[in-house]
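The lines below spell out each chain.
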Amino acid sequence: QVQLVESGGGSVQAGGSLRLSCAASGSFLSINSMGWYRRAPGNQRELVASITKGPSTNYGDSVKGRFTISRDIAKNTLDLQMNSLKPEDTAVYYCNWNYRRYGPAIRDFDSWGQGTQVTVSS
């Protein structure tokens, strides 16, 4: 079981920066992928950035060149550095871990953070 706690959200003016952090606790066998997603009012959830086993990274088109995802395996944290923020980045941001654990059988799980609000004003 993995529990995720997010921090770093807040309000910022356009062009500013924020750094989101996701701290994980619990037990797991291995990590398949980690990522940040967001949901704006009236919109569906969308991928912001992710890291897979490689590690390799993937970014949504709207954030390429502005956001950077990183992880610290030793600390079990996942960060998202957000620069050059735009009003359209306003959303609730969610941390996600897809991981493998042992139970009755080895299986994969998704854990999600509670979400943290990011508001960018013009």
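Refer to the preceding data block for the structure.
Below is a summary of the structure that appears in this document. The structure presented is a predicted model; accordingly, all values stated were derived computationally and were not measured.

What counts and what doesn't
- Residues numbered from 1 in each chain as written.
- Predicted model: local features only at pLDDT ≥ 70, side-chain atom pairs only at ≥ 80, totals over all residues.
- Heavy atoms only, no water.
- Helix = DSSP H or I, 4+ residues; strand = E, 2+ residues; numbered from the N terminus.
- Rg over C-alpha atoms; globule rule 2.2 N^0.38 Å.
- Buried < 20%, exposed > 50% of the residue type's maximum accessible area, 1.4 Å probe, protein only.
- Contact = heavy atoms within 4.5 Å.
- Areas by Shrake-Rupley, 256 points an atom, 1.4 Å probe, with all protein chains shown as cover.
- Lys, Arg positive; Asp, Glu negative; His and termini not counted.
- Charge placed at Lys NZ, Arg CZ, Asp CG, Glu CD.
- Salt bridge = Lys/Arg side-chain N within 4 Å of Asp/Glu carboxyl O.
- Pairing = 2+ DSSP bridges.
- Axes fitted to C-alpha atoms, helices over the stretch in contact; angles between N-to-C directions.
- Patch = residues over 30% accessible without salt bridge, like charges linked within 9 Å, V, L, I, M, F, W, Y side chains within 5 Å.
- Polar contact = N/O pair within 3.5 Å; in protein donor to acceptor, adjacent residues only side chain to side chain.

## Some points on the overall build of the chain
Right, so step 1: The helix and strand inventory of the chain stands at zero helices and 11 strands.
Right, so step 2: Taken from the N to the C terminus, the helices and strands of the chain come in the order β-β-β-β-β-β-β-β-β-β-β.
Right, so step 3: Over its C-alpha atoms the chain spans a radius of gyration of 14 Å, differing by no more than 12% from the 14 Å that the globule rule assigns to 122 residues.
Right, so step 4: Its C-alpha atoms put the chain at 50 × 25 × 25 Å along the principal axes.
Right, so step 5: Burial analysis of the chain (122 residues in total) assigns 41% to the buried set.
Right, so step 6: Considering only contacts in the chain between residues 6 or more positions apart, those separated by 24 or more positions represent 56%.
Right, so step 7: With the model as given, the accessible surface of the chain reaches about 6,500 Å², and the carbon-plus-sulfur share is 48%.
Right, so step 8: A distance of 5 Å separates the average location of the 13 positive side-chain charges in the chain from that of its 9 negative side-chain charges.

## Let's talk about the pattern of salt bridges
Right, so step 1: On inspection of all chains with the given rule, the structure shows six salt bridges.
Right, so step 2: Across the salt bridge formed by arginine 19 and aspartate 79, the nearest N and O atoms sit 2.9 Å from each other. Residue arginine 19 is found in strand β3 (residues 18-26), and its partner aspartate 79 is found in strand β8 (residues 77-82); the two are separated by 60 residues along the sequence.
Right, so step 3: Owing to a relative accessible area of 14%, aspartate 79 belongs among the buried residues under this scheme.
Right, so step 4: Where aspartate 89 meets arginine 38, a salt bridge forms, and the shortest distance between an N and an O atom there is 3.0 Å. Within this pair, whereas aspartate 89 is found in the loop between β8 and β9 (91-102), its partner arginine 38 is found in strand β4 (residues 30-39), the two being separated by 51 residues in sequence. For the residue pair aspartate 89 and arginine 38, the accessibility class agrees, reading buried in each case.
Right, so step 5: Look at the salt bridges and you will find they share partners, linking Arg38, Glu46, Arg66 and Asp89 into a network.

## With respect to the sheet that holds β8
Right, so step 1: Pairing is antiparallel across the open sheet formed by four strands, whose spatial order is β1-β3-β8-β7. The open sheet terminates on both sides in strands that have one partner only, identified here as β1 (2-7) and β7 (67-72). Direction aside, neighbouring strands of the sheet carry axes that sit 15° apart on average.

## A short note on a nonpolar patch on the surface
Right, so step 1: On the surface, Leu29, Tyr102 and Ile106 cluster together into a nonpolar patch covering about 350 Å² of accessible area.
Right, so step 2: Looking at the element boundaries, tyrosine 102 is found in strand β9.
Right, so step 3: Tyrosine 102 sits in the exposed class, given a relative accessible area of 55%.

## Overview of the side chain of aspartate 89
Right, so step 1: For aspartate 89, a relative accessible area of 1% gives the class buried.
Right, so step 2: Polar contacts involving the side chain of aspartate 89 include one to the side chain of arginine 38, which spans 3.0 Å.
Right, so step 3: Ignoring sequence-local partners within four residues, the contact set of aspartate 89 consists of Arg38, Arg66, Phe67, Ser84, Val118 and Val120.

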